[in-house]
Amino acid sequence: YYAVEWWHDGEAYASMAVLKHDLCRGTRKYWRRPNTYPGEPFFVGGLSSAEDDGAVVFIALDGARARSIFVTLDARSFEELAVVELPVHIPFTAHGQFIPEADSAEKVIV
């Protein structure tokens, strides 16, 4: 599973990281940056049926720059694929959901 971990350094409440926890193997991988506060991570599946083929995406608040960033990680390795500075500030606790595009006949506009 993917989650946000608070108290990542074991000392400070605001020390945060994005966690990939493989329960079957008992392993953990982390993404973190100093003074950066990530929001909820989402898995976006790749083309294969491999369990962690795809990307993990989330918004984070870069506290040092007072800017929001959109982060894309390789779901398998947890290495950064892209970090994009956003033109507006988005609160770091914002939630969202990835919904694959449906055929045009199945699209619903809300």
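Residues numbered from 1 in each chain as written. Predicted model: local features only at pLDDT ≥ 70, side-chain atom pairs only at ≥ 80, totals over all residues. Heavy atoms only, no water.

### Structural notes on the pairing of strand E6 (residues 54-62)
Using the following cut-off: Three exposure classes are used, based on accessible area relative to the maximum for each residue type with a 1.4 Å probe and protein chains only: buried under 20%, partly exposed in between, and exposed over 50%. Secondary structure counts use DSSP, requiring at least four H or I residues in a row for a helix and at least two E residues in a row for a strand, with both numbered from the N terminus. For two strands to pair, DSSP has to find at least two bridges joining them.
Across the nine residues that make up E6, a large majority, eight, are buried. The pairing of strand E4 (residues 36-38) with E6 spans three bridges and is classified as antiparallel. Residue pairing in the sheet places Pro38 in a bridge with Ala60 of E6. Relative to E6, strand E5 (residues 42-45) runs antiparallel, the two sharing four bridges. The partner of Phe42 across the bridge, within E6, is Val57. In the sheet, E6 pairs with strand E7 (residues 67-74) via eight bridges, with the strands oriented antiparallel. Note that in E7 the partner of Ile59 across the bridge is Phe70.

### Examining unusual backbone geometry
Notably, Trp7 is not glycine yet its phi reads approximately 60 degrees, a positive angle. Tracing the chain through its elements places Trp7 in the loop between strand E1 (2-5) and strand E2 (17-22). With a phi angle near 55 degrees, Ala66 is a residue other than glycine that sits in the positive phi range. Here Ala66 shows up in the loop between E6 and E7.

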